[in-house]
Amino acid sequence: MKSLGFYLSATLLACSVSAANTGRETSLPEYSMLLVGGGLQACRSTNTRYCSAADTFSAAAKSADLFALSPENIANIADTEFWGAERVIEQQRTLALLEFVRSRLDSELISAQELARLWRSAETEMDGIWVSGRVNYNELTERELNFVFDQLQATVLTAPDKNNRRSSTRMKEFASLTKTKDEFTSEIYRKIVELAQQVAGSQRKPRLLVVTASSRDPFADVDFYTNLLAKAGAEVSWLPLNAAYQRAQQLKDSNKPSCDALTEYLATEHGTYQRGRVYPDLMLQLQRFCQSGTAAAVEQIRKADAIFFDGDDQSLTLKAFRLEDGSASEELKQIERMLSAGQIIVAGTGAGAAAMAGGSFQGKRIPMISSGDSYSAMQFGAFDLPAPQPGCDKDQSCSNGLAENHLTFTSTGGLGLFSWGVLDTHLSERGRQGRLIRLLNDTQTRFGFGIDEATALLVGFANTENTPQVKMAVLGAAGVYIVDTQALQNTGEGKATVIKQVNTHYLTRGDALEIKDGVMRTRFAAWKFAPNNMQAPMLTSGELFERDNYKQLAHLLCLTQSRQADGKAIKVGQGQQISLYKDHSSYARQGVYQLQDKEVQYCSYRNFRVDVQPVQ
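A few points on the structure. Note that the structure is predicted; figures quoted are calculated from it, not measured.

### Some thoughts on unusual backbone geometry
Its identity as a non-glycine residue notwithstanding, Gln396 has a phi of 55 degrees, on the positive side. By the element assignment, Gln396 lies in the loop between strand 18 (382–383) and strand 19 (407–410). A positive phi angle is found at Arg547, which is not glycine, with a value near 50 degrees. With respect to the element layout, Arg547 can be found in the loop between strand 29 (539–541) and helix 19 (549–559).

Given below as structure tokens:
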């Protein structure tokens, strides 16, 4: 078998090995990566609105996180080191309001929704001044709110079993694929396991690892993902590899990992607190995993047929798998080796997908996007700096002169398992087309791939010289927005930047593409045909990057004979004018796809040009 290092990133090139070196003989699966744009809506016991039946789960399943406003928990919130001198007023107001709520509680344990409602509706007097819970709640940053909720969260316990004399244990969350209302969500999770089965062979269930490293709280979704993917047919285990674990491995204590400090590292690296109290069994599992060391983690990965990365914050994923000097951890190197040999499926959703970008394409480093919205991206450009903390505008804690919505990226890339361009997620739903275009412009990157929610980009590698270096296909509810900057022209800088001749494609369900020798070729699904709507309306949008306005405007341009659509992104009189237009090379295809009882209309296009310039 030929090594695929030539076709993967430079990092993969350095460490590719044959199947024999990793102990398994396998042929390449049809697709080796499955990258989801987030927004999957699976039926779960803590959120049954995505279930086809309200009574899907028994009383043994955890139905909600619970919180206790005990004097001890509230006292923990008074931590002056966390709040600092600048936020002492907010700290005191928060404590006063929570004490007020506690004094009126009939029940010891309440849900997060009920806690937020009681807090926001509370009013109390402090030093002769009335304090409003609504005002206090809204003035706290996301970091501060997370801290408060973490300190109040309680362990959800099962009822004691008197017959077997068993004490209470932590109640677990359950999931159901068969009762999931959204068929696209079920399809994508099942596809992950189907691909893993190709690696495992037909003699056993595929072994799948779940990594929750992207989450601020890396314990919260362990039960959900492990149960859900097991229902899809896999043998599933949690791989407790996160930023806190990696910190403990790197900071040795008497030449051993500093695993006794995991609670501290969870606070400093993830911004999460009291997890040992809330998830005692999972915390114990993390501690044992940490004490076993890197070699044991690598061995666990070696035995796997697939690895799934959750979503939230791709910067946390980076901390888990790369060392402080930017080099790959031993765990990441093992995944690289197996991916290049066709021995593991790599899947990720949301931030877990965006983190895969990196390596190099045509001699240029591929960056990893980390934060920002389209309006700020177009106004201020892209910054190779750590992402600002959410809510940092409220307490003026944003560093490096940034605001919380500024576009930031990591120039050295993410995990480097996808080296053909920048990856972005929640693309259409959050109007992120502008930030993707601006990042590619500012970093001189050739391709960008923006994946919509409940949509997967399948990525397959070649192992012969006469086949494309990579092939991709689209699965799921919506599409993948692709930006090609080869013909891009730009002038000016900052707010005055003018970007023209950006080439964009939008591939939807059943469409495919391939890249060979720097050339991208797209192919529409056979069931799609040329639009037959002969109307040519004037197409405009006043808030192009709000919600999915860009997608809707492009959809109308795709379906009709109109040649151009114009939009604006303006705040306080400043912003951009964006033109989306067809030329002689533009093509569009539409079609209707029926998945069980759901009928969805798609319109795919290639070579729609985009111009961006400041509003005059």
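The discussion continues.
### Digging into the sheet that holds strand 3 (residues 66–68)
Reading across from one edge, 4-3-7 is the order of the three strands in this open sheet, with antiparallel pairing throughout. Two strands in the sheet have a free side with no partner beyond their single neighbour: strand 4 (109–111) and strand 7 (153–154). In this structure, strand 3 lies alongside strand 7, joined through two bridges in antiparallel fashion. Residue pairing in the sheet places Phe67 in a bridge with Gln153 of strand 7. Taken strand by strand, helix 5 (residues 112–121) contacts strand 3 and strand 4, and its axis lies near 90 degrees from that of strand 4.

### Things to note about the environment of Leu34
The residue Leu34 is located in strand 1 (residues 33–36) in this model. A relative accessible area of 0% means that Leu34 is categorised as buried. Each C-alpha atom, one on Leu34 and one on Leu195, is 9.0 Å from the other, the two residues being 161 residues apart in sequence. Once you skip the residues sitting within four places of it in the chain, Leu34 turns out to touch Ile188, Lys191, Ile192, Leu195, Val346, Ala347, Gly348, Ala456, Leu457 and Leu458.

### Thoughts on the pattern of salt bridges
Per the counting criterion, the structure on display carries 29 salt bridges. A salt bridge links Lys62 to Asp65; the shortest N-O distance between them is 2.6 Å. Given the relative accessible area of 31%, Asp65 is considered partly exposed. Taking the shortest distance from any N to any O, the salt bridge between Glu330 and Lys333 comes out at 3.3 Å. Taken together, the positions of Glu330 and Lys333, both in helix 15 (residues 330–340) and three residues apart, correspond to about one turn of that helix.

The rules we used
- Residues numbered from 1 in each chain as written.
- Predicted model: local features only at pLDDT ≥ 70, side-chain atom pairs only at ≥ 80, totals over all residues.
- Heavy atoms only, no water.
- Helix = DSSP H or I, 4+ residues; strand = E, 2+ residues; numbered from the N terminus.
- Pairing = 2+ DSSP bridges.
- Contact = heavy atoms within 4.5 Å.
- Axes fitted to C-alpha atoms, helices over the stretch in contact; angles between N-to-C directions.
- Buried < 20%, exposed > 50% of the residue type's maximum accessible area, 1.4 Å probe, protein only.
- Salt bridge = Lys/Arg side-chain N within 4 Å of Asp/Glu carboxyl O.

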